[in-house]
Amino acid sequence: MRVLLTGAGGFLGQYVLAQLVQRRIDVVVLGRTRPSGFNGDFLPVDLLQLEDISKIIKRASATHMMHMAWYTEHGKYWTSFLNFRWLESTARLVEQFCVAGGEKVVVTGTCAEYDWSIGYCREDGSPLNPATVYGKVKDATRRLVAAICSTYQVPCAWGRIFIPYGSGEDSRRLIPSLIEVFQQKREPFGVNGTAYRDFLHADDVATGLLELLFSDADGCYNVSSGQPVQIADLVRLIAQAFNGNVGKVLDLATERPGEPEILVGDNRKLKALGWRPRHIFEDMSDFHAMNGKSGAHPLSPANTLK
């Protein structure tokens, strides 16, 4: 087995790469820059600029592919037209991988593909009605990738990721922002305290995606905790972890029009493959690790096998 990995330098990609290294899986990384701390096989390539990717795929000589690369700039990816370019790039990449004799494809999707008014999302039952450009293009990419893989009779698993958190997350996202509030590094802001969300540690996201890669999984799978967490309870947990005054946020609580009250993913399909999350959401050490007080980069010597 040899795994081709894209997006390895991203927030979630670094966790997937670290686990591949830990498991001593032969891996080749495609991307514009070599991931920090990674000394293995790396092929420099800009997937949005390269029209003919067949030569790179042949050089990679991989049997399995985990495609995670996408445009993810905070606050901008929801409406960016770069989403359409990634659709085109993904289709070319998957097709050439199949042509070269690839045996398994896993591509990362998003909970934004679902109709959020449903609240509790099931892969084979909940309607898909994306409300954003990002969600619509991801859903279109899924359909196109599935058609390509079906044509070449290559198994393809599509992992719909819900709300990941962990070290390396963009500081502007909800959990890092709340940590900074209770560290007095950021001004307090209001949240929709009554809403429920599905949070899953990035390390558990990675194990879930690798479960899809190494099993006979085919089709769509939610990569989620399956456990609704109320935003107000999240604020309380983080305030407790940093000995902060919870009122400085909850007293500013505000409703956010257009946001769902409940967004949770049914993860029974993924669990049926043998996957189980290893992180407990209430574990305060994870929040401290995100603040840099403990923990290390996923590819640091302390976290990888040499």
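Predicted model, so just to flag it, every value in this text is computed and none were measured.

(A) Layout of the environment of Val 105. Here Val 105 is to be found in strand E5 (residues 104-110). Owing to a relative accessible area of 0%, Val 105 belongs among the buried residues under this scheme. Taking C-alpha positions, Val 105 is 20 Å from Phe 162, a pair spaced 57 residues apart along the chain. Look past the residues within four positions of Val 105 in its chain and what remains in contact with it is Met 65, Val 94, Phe 97, Cys 149, Val 154, Pro 155, Cys 156 and Ala 157.

(B) Quick peek at the packing of aromatic side chains. This structure, assessed with the given rule, holds 12 aromatic pairs. With a centroid separation of 6.1 Å and 90 degrees between ring planes, the pair formed by Phe 11 and Tyr 15 is classed as edge-to-face. Residue classification places Phe 11 among the buried positions, given a relative accessible area of 19%. Note on Tyr 15: relative accessible area 7%, which makes it buried. Judged by centre distance (6.3 Å) and plane angle (40 degrees), the ring pair of Tyr 114 and Phe 162 falls under tilted. Of this pair, Tyr 114 sits in the loop between E5 and strand E6 (120-121) while Phe 162 sits in the loop between strand E7 (156-161) and strand E8 (163-165), and the two are 48 residues apart along the sequence. In textbook terms, an aromatic cluster arises when at least three aromatic residues are bridged by ring pairs, as seen for Tyr 77, Trp 78, Trp 116 and Tyr 134. Note that Lys 138 overlies the ring of Trp 70, its terminal NZ or CZ placed 4.0 Å from the centroid. A cation over an aromatic ring shows up here: Arg 160 above the ring of Tyr 114, its NZ or CZ 4.8 Å from the ring centre.

(C) Broad picture of the sheet that holds E7. Strand order in the open sheet made by the seven strands is E3-E2-E1-E4-E5-E7-E11, with parallel pairing throughout. Since the sheet does not close on itself, it has two edges, and those belong to strand E3 (41-44) and strand E11 (219-223), each with one partner. Direction aside, the axes of adjacent strands within the sheet are offset by 20 degrees on average. Here strand E4 (residues 64-67) runs beside E5; their pairing, made up of four bridges, is parallel. The partner of His 67 across the bridge, within E5, is Val 107. Strands in contact with helix H3 (residues 82-99) are strand E1 (2-6), E4 and E5; relative to E4, the strand with the most contacts, it is inclined by about 175 degrees.

(D) How the structure looks around the packing of helix H1 (residues 13-22) against helix H6 (residues 202-214). Packing of H1 against H6 leaves a shortest axis separation of 8 Å and a crossing angle of 60 degrees. Considering their axes alone, H1 and H6 lie oblique with respect to each other. Two packed elements cross with a definite hand, and for H1 against H6 that hand is right-handed. From H1, Tyr 15, Val 16, Gln 19 and Leu 20 reach across to H6, where they touch Ala 202, Asp 203, Ala 206, Thr 207, Leu 209, Leu 210 and Phe 214. Considering only residue class, the contact of H1 with H6 consists of eight nonpolar, two polar and one charged.

(E) Expanded view of the nonpolar core. Core analysis: the biggest nonpolar cluster contains 36 residues, and Leu 4, Leu 30, Leu 47, Val 94, Val 105 and Cys 149 have the highest contact counts within it. Ranked by residue count, the leading element in this core is H3, at seven residues. Of all hydrophobic cores here, the second largest spans 31 residues; its members include Phe 38, Met 66, Val 106 and Ala 206.

(F) Looking closely at the sheet that holds strand E12 (residues 229-230). Pairing is mixed in the open sheet, where four strands are placed in the order E6-E13-E9-E12. At either end of the open sheet lies a strand with only one pairing partner, and these are E6 and E12. Judged from the two bridges that link them, E6 and strand E13 (residues 262-265) form a sheet pairing that is parallel. Of the residues in E13, the one forming a bridge with Tyr 120 is Val 264.

(G) Spotlight on H1. The element H1 is extensively covered by neighbouring structure, given that eight of its 10 residues are classed as buried. Among all positions in H1, only Gly 13, Gln 14, Tyr 15, Val 16, Leu 17, Ala 18, Gln 19 and Leu 20 are buried. Next to the buried residues of H1 lie E1, strand E2 (26-31), E4, strand E10 (199-201) and H6. Positive phi appears at Arg 24, one or two residues downstream of H1, with a value of about 60 degrees.

(H) Spatial organisation of the environment of Pro 277. Among the secondary structure elements, Pro 277 is positioned in the loop between helix H9 (268-271) and helix H10 (284-290). The spacing of Pro 277 and His 201 is 76 residues in sequence and 8.3 Å in space, taken between C-alpha atoms. Ignoring any residue separated from it by four or fewer positions in sequence, one finds Pro 277 in contact with Leu 200, Asp 204 and Lys 271.

Rules behind the numbers
- Residues numbered from 1 in each chain as written.
- Predicted model: local features only at pLDDT ≥ 70, side-chain atom pairs only at ≥ 80, totals over all residues.
- Heavy atoms only, no water.
- Helix = DSSP H or I, 4+ residues; strand = E, 2+ residues; numbered from the N terminus.
- Buried < 20%, exposed > 50% of the residue type's maximum accessible area, 1.4 Å probe, protein only.
- Contact = heavy atoms within 4.5 Å.
- Phe/Tyr/Trp six-rings, centres within 6.5 Å; stacked < 30°, edge-to-face > 60°.
- Lys NZ or Arg CZ within 6 Å of the ring centre and 35° of its normal.
- Pairing = 2+ DSSP bridges.
- Axes fitted to C-alpha atoms, helices over the stretch in contact; angles between N-to-C directions.
- Parallel < 35°, antiparallel > 145°, perpendicular 65-115°, else oblique.
- Left-handed = near helix turned anticlockwise from the far one by under 90°.
- Nonpolar A, V, L, I, M, F, W, Y, C, P; charged D, E, K, R; others polar.
- Core = buried A, V, L, I, M, F, W, Y, C linked by side-chain atoms within 4.5 Å.

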